[in-house]
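# Secondary and tertiary structure notes
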Amino acid sequence: MKLVPLSDRVVLKQLEAEDKTASGIILPDQAKEKPQQAEVIAVGPGGVVDGKEVKMTVEVGQKVIYSKYAGTEVKLGEDKYTIVKQSDILAVVED
């Protein structure tokens, strides 16, 4: 199966949460914070949204930072994805 986003939606796959803090303390699963960094898996076509033209500026494969409580989580097979509006993406991470 494949997720194909509509309109100004973007499908993200979260990057793994850190297992330990910078000082070396190992975190249990309950204490791990949901990562806000993800990889773009699919991008919608854009178009007119709420009467305004939306041009998609993110591309598949980019790493992005998105709003903490944004989007809808979806499980497809064993993989978990988050579907967000492009406006919920705060920044593109460049290496």
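Everything that follows concerns the structure shown earlier in this document.
Since we're looking at a predicted model, the values are computed, not measured. (Residues numbered from 1 in each chain as written. Predicted model: local features only at pLDDT ≥ 70, side-chain atom pairs only at ≥ 80, totals over all residues. Heavy atoms only, no water.)

This brings us to the sheet that holds strand 2 (residues 37-43). What the six strands build is an open sheet, ordered 6-7-1-2-5-8; its pairing is antiparallel. Where the open sheet ends on each side, the last strands, each with one partner, are strand 6 (72-76) and strand 8 (89-93). For this sheet the average axis-to-axis angle between neighbouring strands, irrespective of direction, equals 40°. Note: strand 1 (residues 9-14) against strand 7 (residues 79-85), four bridges, orientation antiparallel. Residue L12 lies in a different strand from strand 7, and its bridge partner there is T82. (Pairing = 2+ DSSP bridges. Helix = DSSP H or I, 4+ residues; strand = E, 2+ residues; numbered from the N terminus. Axes fitted to C-alpha atoms, helices over the stretch in contact; angles between N-to-C directions.)

Within the secondary structure, Q86 is located in the loop between strand 7 and strand 8. The class for Q86 is buried, based on a relative accessible area of 12%. Within the local environment of Q86, its side chain forms a polar contact with the backbone oxygen of K55, the two atoms lying 3.1 Å apart. If near-sequence neighbours (up to four positions away) are discounted, Q86 is found in contact with D8, V10, V54, K55, M56, T57 and V58. (Buried < 20%, exposed > 50% of the residue type's maximum accessible area, 1.4 Å probe, protein only. Polar contact = N/O pair within 3.5 Å; in protein donor to acceptor, adjacent residues only side chain to side chain. Contact = heavy atoms within 4.5 Å.)

Formed by 13 residues in total, the largest nonpolar core has its most connected members in V10, L12, V64, V84 and I89. For this core, the secondary-structure elements that each account for two or more residues are strand 1, strand 2 and strand 5 (63-66). Apart from the residues lying within four places of it in its own chain, the contact partners of L12 are A38, E39, V40, I41, V64, Y66, Y81, T82 and V84. (Core = buried A, V, L, I, M, F, W, Y, C linked by side-chain atoms within 4.5 Å.)

If you walk through the whole model with that rule in mind, you get two salt bridges. Of the charged contacts in the structure, one is a salt bridge between D8 and R9, with a shortest N-O distance of 3.1 Å. In this structure, K13 and D79 form a salt bridge, with 3.4 Å as the shortest nitrogen-oxygen distance. Taken as a pair, K13 in strand 1 and D79 in strand 7 lie far apart in primary sequence, 66 residues in all. (Salt bridge = Lys/Arg side-chain N within 4 Å of Asp/Glu carboxyl O.)

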